[in-house]
Amino acid sequence: YVRAAELDPNDLGALRGAASCLVKSGQYARAQAYCEQSQAHRGELLPLLARAYEGQQDYVRAIDVYEKLVGAAPDPNVLLSLGVACLKAGHYDRAHDVLASVTQMRPEDGVAVRHLAYCFIMRGDLDQAMQAYRRAIDLDGGDWEAYRGLGVACMLKARQSQDDRWEEQALRHWRRSLVIKPDQPKRQILEKLIRENSKRQNPLQGLNY
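Residues numbered from 1 in each chain as written. Predicted model: local features only at pLDDT ≥ 70, side-chain atom pairs only at ≥ 80, totals over all residues. Heavy atoms only, no water.

1. So, unusual backbone geometry
For Gln 57, which is not glycine, the phi torsion reads 60° and is therefore positive. Tracing the backbone shows Gln 57 in the loop between helix 4 (46-55) and helix 5 (59-70). At Lys 186, a residue that is not glycine, the phi angle is positive and equals roughly 60°. As for its placement among the helices and strands, Lys 186 is situated in the loop between helix 11 (164-180) and helix 12 (187-197). (Helix = DSSP H or I, 4+ residues; strand = E, 2+ residues; numbered from the N terminus.)

2. Examining the side chain of Ser 38
Along the chain, Ser 38 falls in the loop between helix 3 (28-35) and helix 4. There is a polar contact of 3.2 Å between the side chain of Ser 38 and the side chain of Asn 10. Look past the residues within four positions of Ser 38 in its chain and what remains in contact with it is Pro 9, Asn 10 and Leu 15. (Polar contact = N/O pair within 3.5 Å; in protein donor to acceptor, adjacent residues only side chain to side chain. Contact = heavy atoms within 4.5 Å.)

3. A word on helix 9 (residues 126-139)
Between its first and last C-alpha, helix 9 extends 20 Å over 14 residues, near the 20 Å set by a 1.5 Å rise per residue. Within the span of helix 9, buried status applies to Leu 126, Ala 129, Met 130, Ala 132, Tyr 133, Ala 136 and Ile 137. Looking straight down helix 9, one finds that the buried residues subtend no more than 165° of arc, so they occupy a single side. Seen from the open side of helix 9, the exposed residues pointing more than 90 degrees away from its buried face are Gln 131 and Asp 138. Considering only its buried residues, helix 9 is in contact with helix 8 (110-122), helix 10 (144-161) and helix 11. (Expected span 1.5 Å × (residues − 1). Buried < 20%, exposed > 50% of the residue type's maximum accessible area, 1.4 Å probe, protein only. Arc of directions from axis to C-beta.)

4. Points about the environment of Gln 169
With respect to the helices, strands and loops of the structure, Gln 169 is situated in helix 11. For the pair formed by Gln 169 and Gln 104, sequence separation is 65 residues and the distance between their alpha carbons is 29 Å. Setting aside residues no more than four positions away along its own chain, Gln 169 makes contact with Arg 134 and Cys 154.

5. A few points about the pattern of salt bridges
For side chains bearing opposite charge, pairing can occur when the charged atoms are close. Following the criterion strictly, the structure yields 12 salt bridges and no others. With its nearest N and O atoms 3.1 Å apart, the salt bridge here joins Arg 114 to Asp 143. In this pair, Arg 114 is assigned in helix 8 and Asp 143 in the loop between helix 9 and helix 10, connecting sequence segments 29 residues apart. The exposure classification of Arg 114 matches that of Asp 143, with both residues buried. As a salt-bridge pair, Asp 127 and Lys 157 come within 3.0 Å of each other at their nearest N and O atoms. Placement of the pair is Asp 127 in helix 9 and Lys 157 in helix 10, with a sequence separation of 30 residues. With a relative accessible area of 48%, Asp 127 lands in the partly exposed category. One continuous salt-bridge network, built from bridges that share partners, spans Arg 114, Asp 143 and Glu 145. (Salt bridge = Lys/Arg side-chain N within 4 Å of Asp/Glu carboxyl O.)

6. Overview of helix 10
Here helix 10 spans 26 Å end to end across 18 residues, near enough to the 26 Å set by a 1.5 Å rise per residue. Where helix 10 is buried, its residues contact helix 8, helix 9, helix 11 and helix 12. One side-chain oxygen at the N-terminal end of helix 10 lies 3.1 Å from the backbone nitrogen of Glu 145; it belongs to Asp 143. In the segment just after helix 10, Gln 162 is the residue with positive phi, at about 60°.

7. Concerning the environment of Tyr 133
Mapped onto the fold, Tyr 133 is located in helix 9. Sequence spacing of Tyr 133 and Lys 186 is 53 residues, and the spatial spacing of their C-alpha atoms is 20 Å. Setting aside anything within four residues of it in sequence, one finds Tyr 133 in contact with Arg 114, Ala 117, Tyr 118, Ile 121, Glu 145, Ala 146, Gly 149 and Leu 150.

8. Here we look at the nonpolar core
In this structure, Tyr 34, Tyr 66 and Leu 82 are the most contacted members of the largest nonpolar core, which totals 60 residues. When residues in this core are grouped by element, the largest group, 8 residues, is from helix 6 (residues 76-89). Those residues in contact with Tyr 34 that sit more than four places away from it in its chain are Val 2, Ala 5, Leu 15, Ala 18, Ala 19, Leu 22 and Leu 45. (Core = buried A, V, L, I, M, F, W, Y, C linked by side-chain atoms within 4.5 Å.)

9. Points about the state of the cysteines
Within the structure shown, the criterion is met by 0 disulfides. Free cysteine: Cys 21, not disulfide-bonded; nearest cysteine sulfur from Cys 35 at 12 Å. The class for Cys 21 is partly exposed, based on a relative accessible area of 43%. Here Cys 119 is not disulfide-linked; the sulfur of Cys 86 is the nearest cysteine sulfur, at 8.6 Å. (Disulfide = S-S within 2.5 Å.)

Following this line, the structure appears as structure tokens:
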């Protein structure tokens, strides 16, 4: 694809193919260059350009691109990408509005519901967050990220209310997340949190005479 783009810098198929391969291989700056190479095909390459920006953690520019893509006829997939970009940029109110619209358009979209739950956490609404995470789990019982997020919400609730029962629920959800995906990103951090918040490592400690 790169060679084809060199031979014809305005070939949409070559530019799209090169940019797509580069995005998938993590070469986001190079992907951006191919997306921006042809003004004639700039519109067709906007989805890949947004992903290239996100890969470089330039969420503000990614949001701008997704906003252009939403246009007059919102696509739930584009809206979901926009909502996630808003989350990563720390624009939680905007993310909430976008993701809520996705869940209205596609009530069965557990991923959108899970991201909406994170919005509630960041806005300090733990009850709504737990409700949304449970809904995401109902939609997909294998969603390890939803279990992990629900554990976070429960632990925050425990610290807020000083009620140990919430802490017990948090540990249970975190352990379930690790059972579903043992090699998940930041696994060591989650295991450390479980160890630090467990009342005792061995429930028979001192009693196994």
